[in-house]
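Okay, here's what each chain looks like letter by letter:
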Amino acid sequence: MPEYKLIYFNMKGRAELARWCFAYGGIPYIDDRIDGNWAERKKEMPGGQVPVLMVNGKPLSESLAIARYVAKQAGLVPEDDLEAAGCDAIVDALQGIMAEVYQKVVRSNAEPAEKQRLMKEEILPNKINPFLNRLNERLSTREWFISDKITWADLNIALSFASLTSFVLDVLKDYPAVKKLVEKVHSLDSIKKWLSTRPVTEN
Ligand SMILES: N[C@@H](CCC(=O)N[C@@H](CS)C(=O)NCC(=O)O)C(=O)O
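Residues numbered from 1 in each chain as written. Predicted model: local features only at pLDDT ≥ 70, side-chain atom pairs only at ≥ 80, totals over all residues. Heavy atoms only, no water.

Within an unreviewed UniProt entry, the label attached to the protein chain reads glutathione transferase, and the organism entered is Meganyctiphanes norvegica. Within the UniProt record for the protein chain, the comment given under Catalytic activity (unreviewed entry) is "RX + glutathione = an S-substituted glutathione + a halide anion + H(+)". Its UniProt record gives the protein chain the following Sequence similarities (unreviewed entry) comment, quoted word for word: "Belongs to the GST superfamily. Sigma family." (UniProt positions renumbered as here; feature names shortened; annotations may be inferred.)

Looking at this structure, how should I read the overall build of the protein chain?
When helices and strands are tallied, the protein chain shows 8 helices and 4 strands. Here the protein chain has a C-alpha radius of gyration of 17 Å; the compact-globule value for 203 residues is 17 Å, and the two agree. Considered along the principal axes of its C-alpha atoms, the protein chain spans approximately 45 × 45 × 30 Å. Expressed as a percentage of its 203 residues, the buried residues of the protein chain come to 45%. Of the contacts formed within the protein chain by residues at least 6 apart in sequence, a portion of 69% connects residues at least 24 apart. Just so you have it, the protein chain exposes about 11,100 Å², and 50% of that area is on carbon and sulfur atoms. For the protein chain, the separation between the mean place of its 28 positive charges and that of its 28 negative charges on side chains is 2 Å. (Helix = DSSP H or I, 4+ residues; strand = E, 2+ residues; numbered from the N terminus. Rg over C-alpha atoms; globule rule 2.2 N^0.38 Å. Buried < 20%, exposed > 50% of the residue type's maximum accessible area, 1.4 Å probe, protein only. Contact = heavy atoms within 4.5 Å. Areas by Shrake-Rupley, 256 points an atom, 1.4 Å probe, with all protein chains shown as cover. Lys, Arg positive; Asp, Glu negative; His and termini not counted. Charge placed at Lys NZ, Arg CZ, Asp CG, Glu CD.)

Help me understand the side chain of Arg-198 in this model?
Mapping Arg-198 onto the fold places it in the segment after helix H8 (189-197). Looking at Arg-198, its side chain comes within polar contact range of the side chain of Glu-16, at 2.8 Å. (Polar contact = N/O pair within 3.5 Å; in protein donor to acceptor, adjacent residues only side chain to side chain.)

Before we go on, may I ask you to explain the nonpolar core in this structure?
Within soluble globular proteins, side chains that are nonpolar generally end up buried alongside one another. Core analysis: the biggest nonpolar cluster contains 68 residues, and Ile-128, Leu-135, Trp-152, Ile-157, Phe-161 and Val-178 have the highest contact counts within it. For this core, the leading source of residues is helix H4 (residues 81-106), giving 9 residues. (Core = buried A, V, L, I, M, F, W, Y, C linked by side-chain atoms within 4.5 Å.)

Explain the sheet that holds strand S4 (residues 58-61) to me, please; I cannot follow it from the model alone.
In any sheet, the strands associate via hydrogen bonds between backbone groups, in a parallel or an antiparallel arrangement. Read across the sheet, 4 strands follow the order S2-S1-S3-S4 without closing on themselves; strand pairing throughout is mixed. The strands lining the two open edges of the sheet, one partner per strand, are strand S2 (30-34) and S4. Across the sheet, the mean angle from the axis of one strand to that of its neighbour is 25°, orientation sign disregarded. Taken together, the 5 bridges between strand S1 (residues 4-9) and S2 define a ladder with parallel strand orientation. Directly across from Lys-5, in S2, lies its bridge partner Ile-30. Contacts between helix H1 (residues 16-25) and the sheet are confined to S1, S2 and strand S3 (52-55), with S1 contributing the most and set at about 150° to the helix. Across the face of the sheet, helix H3 (residues 63-73) comes into contact with S1, S3 and S4 while running at roughly 115° to S4. (Pairing = 2+ DSSP bridges. Axes fitted to C-alpha atoms, helices over the stretch in contact; angles between N-to-C directions.)

Can you help me understand the domain arrangement of the protein chain in this one?
A common way to report how large an interface is uses the accessible area buried once the components associate. Examined at the domain level, the protein chain breaks down into domain 1 (4-75) and domain 2 (81-187). Of note, the centres of domain 1 and domain 2, computed from C-alpha atoms alone, are 23 Å apart. Taken together, both faces of the contact between domain 1 and domain 2 bury some 1,100 Å²; the carbon and sulfur share is 73%. Broken down residue by residue, the surface that domain 1 buries against domain 2 is led by Leu-17, Trp-20 and Leu-64, which jointly contribute 50%. Here domain 1 is connected to domain 2 by 1 salt bridge. Linking domain 1 to domain 2 there are 1 residue pair in polar contact (both at pLDDT 80 or more). Counting only elements with at least two residues in the side of domain 1 that touches domain 2, the list comes to H1 and H3. A per-element tally of the side of domain 1 that touches domain 2 places H1 first, with 5 residues. Here the residues of the side of domain 1 that touches domain 2 sort into 8 nonpolar, 1 polar and 3 charged. (Domains from an automatic or database assignment. Buried area = accessible area lost by both parts, 1.4 Å probe. Salt bridge = Lys/Arg side-chain N within 4 Å of Asp/Glu carboxyl O. Nonpolar A, V, L, I, M, F, W, Y, C, P; charged D, E, K, R; others polar.)

Take a look at the structure:
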């Protein structure tokens, strides 16, 4: 097995999906969380950013390329090309939604009341709820997102909506099939173990 080192900050952010894939696959890796000397470490990173996955000393950048690669090693990418592309599609869509939430709400300098208004009156009704409607309909008739087998798309759905629940407590209230999938992923032994042992961080 190759030697893996995942380099990122001490946060979930763009590295957490890869960490969940490592956990699911029981694949050993070094979880290298940069602490304090970013200016120095930045020079070593291709493109000057993280996450970077070192595979036997060779760097791979871009969070979704990293997560997809680790998912493949963990048996979480379908063999069928169209099913694999279906997973890519929902992962990309979720990435877009989460990027908007982080940019406009989590990292914005707006007052808390304005953040709440933005979330309630704009992002939820225009972006998140229509997405959840379609996803809930799809998950009502199937075991996992793409087929009868779990994939990294399921892990990403569970990760993203668990994280959104910290901003909007009842985000899944009207979407029971999505809620069921999120709970199913969280009840996997490998994921439960990761969640109970990972470093505690705010984001
Ligand atoms: N498209 C890249 C974006 C990477 C990115 O924005 N990384 C941020 C942390 S989340 C970073 O390295 N920031 C520090 C810097 O740019 O100096 C990805 O998805 O991996």
